[in-house]
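# An overview of the molecular structure
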Amino acid sequence: MDKCWKPIRFQKHLPLGKSASNCRGTQVILSLTQGLFSCLGVPCPTCRSSGIMSFPTLFLGKKLLLLLPLLMCFTSRVGGKIFGRCELAHLLKVSGLEGYRGYSLADWVCLAFYESHFDTAIVDHEADGSTSNGIFQINSHLWCEDYKHFQPNFCKMHCSDLLTSDIKDDIVCAMRIAQGPRGLGAWMGWRENCEGLDLSAWLKGCIL
């Protein structure tokens, strides 16, 4: 994917006067359009190396620019992962969560399922403008930095770090949250679906 996001070079010498801004705009669309076609592995129709773009391609380029945020979202999702139940249980165990703060390993697996269905790339946008992030749905209001609200960031990490397949950061932050007076009760998913129940089925068949 590296080829898709290399810095784009524009022509240095552009006409002066009113037409200069139009030329720059066309050049930007041309460069981005060629880059997007290259990223998608499709030849750019009627794109010319001279920097001249036909009207159909110019129109198509503008349409592709509208899809750029979607493409960026797609690339960010590539780094995520949906864990298997036993795979996650094993990882949480070796990370020290079994018995942590008096909670069983099954408590943590149950929590993760009802918060994210074991999907590390989940981002939930809350009514207060904050986001809940990753496999434990850790909220940006208190625990991570989203560069929008400048909240306390008690876990000292970026919210985007919680969306990758490497969940070490998520585990460290979840342990910090569990140290609070509410323990795992800080998560609604655990309170409503796991607390006080027989959770042995969450580890059934797992080789731990």
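The chain appears in an unreviewed UniProt entry as Sperm acrosome membrane-associated protein 3 from Podarcis lilfordi. In the Subunit (unreviewed entry) part of its UniProt record, the chain is described as follows: "Interacts with ASTL."

Looking now at unusual backbone geometry. Positive phi, close to 55°, is recorded for R101, a residue that is not glycine. With respect to the helices and strands, R101 occurs in the loop between helix 4 (85-94) and helix 5 (105-116).

Where helix 6 (residues 168-178) is concerned, the buried positions are D170, I171, C173, A174, M175, I177 and A178. Looking at the packing, one finds that the buried side of helix 6 touches helix 4, helix 5 and strand 3 (138-139).

Let us now look at helix 5. Here helix 5 is 12 residues long and its end C-alpha atoms lie 17 Å apart, about the 16 Å a rise of 1.5 Å per residue gives. The buried count for helix 5 comes to 10 of 12 residues, which makes it a mostly enclosed element. Taken together, the buried positions of helix 5 are occupied by L105, A106, D107, W108, V109, C110, L111, A112, E115 and S116. Looking at the buried positions of helix 5, the neighbouring elements they touch are helix 4, helix 6 and helix 7 (188-193). One or two residues past the end of helix 5 sits H117, with phi positive at roughly 55°.

Turning our attention to the state of the cysteines. Counted by the stated rule, this structure contains 4 disulfides. Put simply, C144 and C159 are joined by a disulfide, and their sulfur atoms are 2.1 Å apart. Note on the C144 and C159 pair: the S-S dihedral is about 90°, so by sign convention the disulfide is right-handed. Here C144 is found in the loop between strand 3 and helix 6, whereas its partner C159 is found in the loop between strand 3 and helix 6, with 15 residues between them in sequence. The pair formed by C144 and C159 is uniform in burial state, with each residue classed as buried. Disulfide partner of C155: C173, at an S-S distance of 2.0 Å. Taking the sign of the torsion about the S-S bond as the criterion, the disulfide between C155 and C173, at about 85°, is right-handed.

Our next topic: the side chain of S116. Mapped onto the fold, S116 is located in helix 5. Exposure remark for S116: the relative accessible area of 5% places this residue in the buried category. Polar contacts involving the side chain of S116 include one to the main-chain carbonyl oxygen of I135, which spans 2.7 Å. Ignoring any residue separated from it by four or fewer positions in sequence, one finds S116 in contact with I122, G134 and I135.

Definitions and limits used
- Residues numbered from 1 in each chain as written.
- Predicted model: local features only at pLDDT ≥ 70, side-chain atom pairs only at ≥ 80, totals over all residues.
- Heavy atoms only, no water.
- UniProt positions renumbered as here; feature names shortened; annotations may be inferred.
- Helix = DSSP H or I, 4+ residues; strand = E, 2+ residues; numbered from the N terminus.
- Buried < 20%, exposed > 50% of the residue type's maximum accessible area, 1.4 Å probe, protein only.
- Contact = heavy atoms within 4.5 Å.
- Expected span 1.5 Å × (residues − 1).
- Disulfide = S-S within 2.5 Å.
- Polar contact = N/O pair within 3.5 Å; in protein donor to acceptor, adjacent residues only side chain to side chain.

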